[in-house]
Amino acid sequence: MTDAEELAYYTAPGHFTRLESVDAASLPDLMIPLVNIVQGVLIHRAWLKAYNVEAPPGRYPEEGLHGVEAMLARIRTLDDAPITEPRAPADRMLANCRHFSTLLTAFLKLKGVPARARCGFAAYFEPGRYVDHWVCEYWHAEEGRWRMVDAQLDALQRGIIKPDFDPLDVPASAFWVAGKAWQKCRSGEADPDTFGIGDMWGEWYVSGNLCLDVAALNKIELLPWDARIIREQLEGVGDRPSIYDRMAAISLAASTRDARDVRHFYATTPEVQVSDDALRGIDEADREGAGTGANPLAGR
C-alpha cells in the first residue's frame, strides 16, 4: 500500500536531484513535453553514431557527473539557451541512461510529482538479452500506481528499436527492476549470462545493479560503475547472498507496495549505504565539473 508519507518522501528531492536553478513554472505539466526537454539536452554516449556525432575525447568526463545541478551547469556551458529549448545533438551533454532517468526524476519532483530513478535491465535493446538500463518511475495519481518512463527513447531510438509498448508506460515485462532479475537468476528461471552490457555479463553484474537500485530507492542515484562502492563493502559480509536476497525482495516489492522496508533496510544495514565520504568525493568532482568514476567503456 502506497501512503501519503511515502509519496511525500519521493516528492522531496534527494542528494543528486536538488534543483535550484530551474523555476518549476518554466517546466511543462505534461509528461511528453517534459521528456522532450530531457531528450533535448542529453545524448547517450553509446548512441553517438546514430546521431552522426563524434564527441572529442575531452568531453567524456561529462558522463561522470552525478548531480542534476552539475549536469545543468555543463549543459548551459555547451549551449546557454533556456533549458527548455532543445540543443543540436552535438551540443547536448554526453550521458547514459542513468542521467536521463535522474534528470526526469528531478524535474518531476520540482513539479510536485512523486518520482524515483530505477536501475535494472531492459529486454528491448538486444533480442534474448537483458541490458543494463535505468528508467524513471513516477506516481500516476489517477491510476493509483507507479508508472515507468524510459526518457532515453526519443523518436530516432524508437525507430531503430521499434518497441511494442509506450515508452511513457513501460511494462514490467519489458523492464526488469534489479530485484526481479536477481530472483529470476537465483531460481534458475533466467540465465545470468544474459544480463549485463557490452562485454560484461553475469550474476556479478546483476548484484551490482541490485545495489544501485536499492540506493536509488533511497534517493542516492549512483552511476553504473559506482556499484563497486557498495559491492566492495559487502565483500566482508559472511552471508552475502542472503543480503542480496533481501535487497531483491524489497527492490521488487517497491513498485507495487509500500517502500518503507527499503528505507529501513538501508538505514540499518551499513554495508549497503553510500558513505558521507563517498558522497563528498562525488560532490567535489561535480563542483569541478569534471565528473568522477570515468566510464570504463568511454574510450572504446
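Worth saying up front: this structure is predicted, and the values here are computed from it rather than measured.

Looking at this model, I keep getting lost on the overall build of the protein chain. Mind explaining?
Looking only at helices and strands, one finds eleven helices and eight strands in the protein chain. Dimensions of the protein chain, computed from the C-alpha atoms along their principal axes, are close to 50 × 45 × 45 Å. When each of the 300 residues of the protein chain is scored for burial, the buried share is 56%. Here the analysis covers contacts within the protein chain between residues at least 6 apart in sequence; of these, 71% occur between residues at least 24 apart. As displayed, the protein chain has an accessible area near 12600 Å², and 52% of this comes from carbon and sulfur atoms. Seen as two clouds, the 32 positive and the 45 negative side-chain charges of the protein chain have centres 1 Å apart.

Is there a simple way to explain the pairing of strand β5 (residues 145–149) in this structure?
It is a general feature of regular strands that their side chains alternate between the two faces of the sheet. The element β5 is extensively covered by neighbouring structure, given that four of its five residues are classed as buried. Summarising the sheet, strand β4 (residues 130–140) and β5 pair through five bridges and their orientation is antiparallel. Of the residues in β5, the one forming a bridge with Trp-139 is Trp-146. The turn joining β4 and β5, which pair antiparallel and follow one another in sequence, is formed by four residues; a positive phi near 65 degrees is taken by Gly-144.

So what exactly am I meant to see when it comes to the confidence of the model for the protein chain here?
Reading fine detail from the predicted coordinates is not recommended where pLDDT is low. In the predicted model, the protein chain carries a mean pLDDT of 92, and 95% of its residues have values of at least 70. Here residues 292–300 is a poorly scored stretch, pLDDT under 50, and it has 19 contacts once near neighbours within four places are set aside; other chains count.

Would you explain the nonpolar core in this entry?
Considering soluble globular proteins, one finds that nonpolar side chains tend to be buried as a cluster. In this structure, Phe-195, Leu-222 and Met-247 are the most contacted members of the largest nonpolar core, which totals 50 residues. Leave out the neighbours within four places in its chain, and Met-247 touches Leu-210, Cys-211, Val-214, Phe-265 and Val-272. Membership of the second largest hydrophobic core comes to 31 residues, among which are Val-22, Ile-75, Met-93 and Phe-100.

Explain the side chain of Asn-218 here, please?
Considering the arrangement of structural elements, one finds Asn-218 in the loop between α7 (203–217) and α8 (227–234). Residue class for Asn-218 comes out buried when judged on its relative accessible area of 10%. Beyond its immediate chain neighbours, meaning those up to four positions away, Asn-218 contacts Tyr-9, Val-262, Arg-263 and Tyr-266.

Help me out: how do you make sense of empty space enclosed by the protein in this one?
Leftover empty space is mapped by rolling, across the atoms, a probe with the size of a water molecule. Under the counting rule described, the total for this entry stands at one cavity of 30 Å³ or more. Computed from the structure, the largest cavity encloses a volume of approximately 30 Å³. What lines the largest cavity is Gln-39, Leu-42, Ile-43, His-44, Tyr-51, Arg-92, Phe-100, Gln-152, Asp-154 and Gln-157. Among the elements that make up the lining of the largest cavity, the one with the highest residue count is strand β1 (residues 42–44) (three residues). Taken together, the residues of the lining of the largest cavity sort by class into four nonpolar, four polar and two charged.

Help me understand the environment of Ile-243 in this model?
Checked against the element boundaries, Ile-243 lands in helix α9 (residues 240–253). Sequence separation between Ile-243 and Glu-271 is 28 residues; the distance between their C-alpha atoms is 9.6 Å. The residues touching Ile-243, leaving out its near neighbours within four places in the chain, are Leu-234, Val-237, Phe-265 and Val-272.

Help me out: how do you make sense of unusual backbone geometry in this one?
Phi is positive for Asn-52, which is not a glycine, with a value near 60 degrees. Topologically, Asn-52 is positioned in the loop between β1 and α3 (68–78). Phi is positive for Lys-219, which is not a glycine, with a value near 65 degrees. Relative to the helices and strands, Lys-219 is located in the loop between α7 and α8. Assessed through its relative accessible area of 10%, Lys-219 is described here as buried.

Definitions and limits used
For every chain, the first residue of its written sequence is number 1, and the numbers climb from 1 along that sequence. Since the coordinates come from a predicted model, pLDDT governs what is reported: local features require at least 70, and pairs of side-chain atoms require 80 or more to be given and counted, while whole-chain, interface and lining totals use all residues. Computation of side-chain values covers all heavy atoms of the structure but excludes hydrogens and water. We count a stretch as a helix when DSSP gives it H or I for four or more residues in a row; a strand needs E for two or more, and each element gets its number in order from the N terminus. The buried label goes to any residue with under 20% of its type's maximum accessible area, the exposed label to any with over 50%, and the partly exposed label to all in between, with areas taken from a 1.4 Å probe on protein chains only. Any pair of residues with heavy atoms lying within 4.5 Å of one another is described as a contacting pair. Using the Shrake-Rupley algorithm and a 1.4 Å probe, accessible areas are obtained, with residue cover drawn only from the displayed protein chains. Only four residue types enter the tally: Lys and Arg on the positive side, Asp and Glu on the negative side; His and the chain ends are excluded. Lys charges are placed at NZ, Arg charges at CZ, Asp charges at CG and Glu charges at CD. Strands were regarded as paired on the criterion that DSSP finds at least two bridges between them. A residue's pLDDT is the confidence the predictor assigns to it, expressed on a 0 to 100 scale. To form a nonpolar core, buried Ala, Val, Leu, Ile, Met, Phe, Trp, Tyr and Cys residues must be joined to one another through side-chain atoms within 4.5 Å. Note on definitions: the grid is 1 Å and covers protein atoms alone; a cavity is a set of points where a 1.4 Å probe fits but cannot get out; a pocket is an open set with protein on both sides within 12 Å along at least five of seven lines; lining residues have an atom within 4 Å of a point. Grid points are joined across faces, edges and corners, and a volume is the space filled by probe spheres set on the points. Throughout, the ten residues Ala, Val, Leu, Ile, Met, Phe, Trp, Tyr, Cys and Pro are labelled nonpolar, Asp, Glu, Lys and Arg are labelled charged, and all others, Gly among them, are labelled polar.

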